[in-house]
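# Observations on the three-dimensional arrangement
If you want the building blocks of each chain, they are given just below.
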Amino acid sequence: MSKVIFTVQYEIKPEKKNDYLSCMKELKMLVKAEGLQEYNVYEVKGKSLLFQEELVFIDKEAFDNYDDSASE
């Protein structure tokens, strides 16, 4: 089976950047799920307020299960 990569991009308010960065450090330690291979957050190069989260799952089933557990 092949991996599933899920990404989301969003922009934050300039005055909230420090709060956001602090929260993301903590979130990276908390995000755990069976089948979740990697969780990364990137600041988009050249756009200081645009961020991208990337979740890498071992397969489609793990991705589907992650979505189900998040809604419970």
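Above this note sits the structure.
Report follows, based on the coordinates. Counting restarts for each chain, with residues numbered from 1 along the sequence as it is written. Two thresholds apply to this predicted model, a pLDDT of at least 70 for residue-level local features and 80 or more for giving and counting side-chain atom pairs, whereas whole-chain, interface and lining totals are computed over all residues. Only hydrogens and water are set aside; all other atoms, that is, all heavy atoms of the structure, feed into the side-chain values.

### What to know about the pairing of strand 2 (residues 36-43)
The following threshold applies: When DSSP finds at least two bridges between two strands, those strands are taken to pair. To qualify as a helix, a DSSP run of H or I must reach at least 4 residues; to qualify as a strand, a run of E must reach at least 2; elements of each kind are numbered from the N terminus.
Examined bridge by bridge, strand 2 and strand 3 (residues 50-57) share seven bridges and lie antiparallel to one another. Among the inter-strand pairings, Glu38 is bridged to a residue of strand 3, identified as Val56. Hairpin connection, strand 2 to strand 3: the antiparallel pair is bridged by six residues, and Gly46 has positive phi, about 85 degrees.

### Some points on the sheet that holds strand 3
Using the following cut-off: Think of each axis as a best-fit line through the C-alpha atoms, taken over the contacting stretch in the case of a helix, with angles from 0 to 180 degrees between the N-to-C directions. The criterion used for residue contact is that any of the two residues' heavy atoms lie within 4.5 Å.
In spatial order, the strands read 1-3-2; together these three strands make up an open sheet with antiparallel pairing. Edge strands, defined here as strands with exactly one partner in the open sheet, are strand 1 (4-11) and strand 2. If you compare each strand with its neighbour and ignore which way they point, the axes differ by 15 degrees on average. The sheet contact formed by strand 1 and strand 3 spans eight bridges and is antiparallel. Opposite Thr7, over in strand 3, you have Glu54 as the bridge partner. Together, strand 1, strand 2 and strand 3 form the strand contacts of helix 1 (residues 17-30), whose direction differs from that of strand 2 by roughly 165 degrees.

### With respect to the pattern of salt bridges
Let me state the cut-off plainly: A pair is scored as a salt bridge if a Lys or Arg side-chain nitrogen falls within 4 Å of a carboxyl oxygen belonging to Asp or Glu. Categorising residues by exposure relies on relative accessible area from a 1.4 Å probe, with only protein chains included: less than 20% of the type maximum marks a residue as buried, more than 50% marks it as exposed, and the intermediate range marks it as partly exposed.
The full count for this structure, using the stated rule, is two salt bridges. When the shortest N-O distance is used, the salt bridge between Glu43 and Lys17 registers 2.9 Å. Residue Glu43 is located in strand 2, and its partner Lys17 is located in helix 1; the two are separated by 26 residues in the primary sequence. The exposure class assigned to Glu43 is partly exposed, which follows from its relative accessible area of 36%. Where Asp64 meets Lys60, a salt bridge forms, and the shortest distance between an N and an O atom there is 2.9 Å. Residue Asp64 and its partner Lys60 are located together in helix 2 (residues 60-71), separated by four residues, close to a single helical turn.

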